[in-house]
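# Examination of the molecular architecture
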Amino acid sequence: MEVYTISEIASLFKVSTRTIRYYEELGLLSPVRKENGQREYAKKERTRLELIFRGKNFGFQLEEIKEMIQLFDHDRTGDLQLKRTIEYGKEKLLEVENKIEELNELREDMKWYLESFEAKLKEGK
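Residues numbered from 1 in each chain as written. Predicted model: local features only at pLDDT ≥ 70, side-chain atom pairs only at ≥ 80, totals over all residues. Heavy atoms only, no water.

Below, the discussion takes up the packing of helix 1 (residues 6-13) against helix 3 (residues 43-57). One can describe the packing of helix 1 onto helix 3 by two numbers: an axis separation of 11 Å at closest approach and a directional angle of 35°. Crossing hand, helix 1 versus helix 3: right-handed. On the side of helix 1, the interface is formed by Ile9, Leu12 and Phe13, while helix 3 contributes Arg46, Leu49, Glu50 and Phe53. (Axes fitted to C-alpha atoms, helices over the stretch in contact; angles between N-to-C directions. Helix = DSSP H or I, 4+ residues; strand = E, 2+ residues; numbered from the N terminus. Left-handed = near helix turned anticlockwise from the far one by under 90°. Contact = heavy atoms within 4.5 Å.)

See below:
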């Protein structure tokens, strides 16, 4: 079984050991503790970190990610997790679409002002 120390898992994901500890404090990770207190991260924790970083990349909050991950622990079929992930995904997609619309409007405003400023500059000559 492949296991990692906290330094190895942090290096693998290019984050600090403090980040890994923080996720553990939040209940997102549950590494095994050896007798000497050292943490061991197995495949389950590595998979969870992949899900955490994917979720963060999509803009999900850590509490949302935690809920989605923990749902699998309560329902091994994965159905509850998928349903909740779809709900969160639809909400996030709507947020992204709204942001795109805002940015398109901003782009059009900027174009209009630039064209206006360039026209004024030409009129002045």
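Now that the structure has been shown, the text picks up again.
What follows covers the pattern of salt bridges. Evaluation of the coordinates by the stated rule reveals 10 salt bridges. The partner of glutamate 24 in a salt bridge is arginine 33, and the shortest N-O contact between them spans 3.5 Å. Judged by its relative accessible area of 45%, arginine 33 is partly exposed. A salt bridge links arginine 107 to glutamate 108; its shortest N-O distance comes to 3.7 Å. Taking relative accessible area as the criterion, arginine 107 reaches 42% and is therefore assigned partly exposed. Within this structure, Glu24, Arg33 and Arg39 form a network of salt bridges that share partners. (Salt bridge = Lys/Arg side-chain N within 4 Å of Asp/Glu carboxyl O. Buried < 20%, exposed > 50% of the residue type's maximum accessible area, 1.4 Å probe, protein only.)

Summarising the element assignment, glycine 78 is placed in the loop between helix 4 (62-74) and helix 5 (79-123). The class of glycine 78 is buried, set by a relative accessible area of 5%. Along the sequence, glycine 78 and methionine 68 sit 10 residues apart, while their C-alpha atoms lie 9.8 Å from each other.

Taken together, the side chains of Trp112, Tyr113, Leu114 and Phe117 make up a nonpolar region of the molecular surface, amounting to roughly 490 Å² of accessible area. Along the chain, the position of leucine 114 falls in helix 5. (Patch = residues over 30% accessible without salt bridge, like charges linked within 9 Å, V, L, I, M, F, W, Y side chains within 5 Å. Areas by Shrake-Rupley, 256 points an atom, 1.4 Å probe, with all protein chains shown as cover.)

The next point concerns the environment of methionine 1. Within the secondary structure, methionine 1 sits in the segment before helix 1. When the C-alpha positions of methionine 1 and alanine 42 are compared, they lie 7.5 Å apart, and in sequence the two are 41 residues distant.

What follows is about the nonpolar core. Grouped together as the largest cluster of nonpolar side chains are 18 residues, with contacts concentrated most on Ile20, Leu49, Ile52 and Ile65. Mapped onto this core, the elements with two or more residues apiece are helix 1, helix 2 (17-25), helix 3 and helix 4. (Core = buried A, V, L, I, M, F, W, Y, C linked by side-chain atoms within 4.5 Å.)

Regarding helix 1, the residues found buried are Ile6, Ile9, Ala10 and Phe13. Buried residues in helix 1, looked at end-on, bunch into an arc of 100°, giving them a common side. Where helix 1 is buried, its residues meet helix 2, strand 2 (39-40) and helix 3. Positive phi shows up at lysine 14, right after helix 1, with a value of about 60°. (Arc of directions from axis to C-beta.)

Think of a ball as big as a water molecule: rolled over the atoms, this probe shows where empty space is left. Roughly 230 Å³ of internal volume is contained in the largest pocket. Lining of the largest pocket is provided by Leu51, Arg54, Gly55, Phe58, Phe60, Ile65, Met68, Ile69, Gln81, Leu82 and Thr85. Within the residue set of the lining of the largest pocket, elements represented by two or more residues are helix 3, helix 4 and helix 5. Classifying every residue of the lining of the largest pocket by side-chain character gives seven nonpolar, three polar and one charged. What the second largest pocket holds in volume is close to 160 Å³. Lining of the second largest pocket is provided by Lys44, Thr47, Arg48, Leu51, Ile69, Phe72, Asp73, Arg76 and Gln81. Sorting the residues of the lining of the second largest pocket by element identifies helix 3 and helix 4 as the ones contributing at least two each. Among the elements that take part in the lining of the second largest pocket, helix 3 stands out by supplying four residues, more than any other. For the lining of the second largest pocket, a count of residues per class yields three nonpolar, two polar and four charged. (1 Å grid on protein atoms, 1.4 Å probe; cavity = no way out; pocket = protein on both sides within 12 Å on 5 of 7 lines; lining within 4 Å. Points joined across faces, edges and corners; volume = space filled by probe spheres on them. Nonpolar A, V, L, I, M, F, W, Y, C, P; charged D, E, K, R; others polar.)

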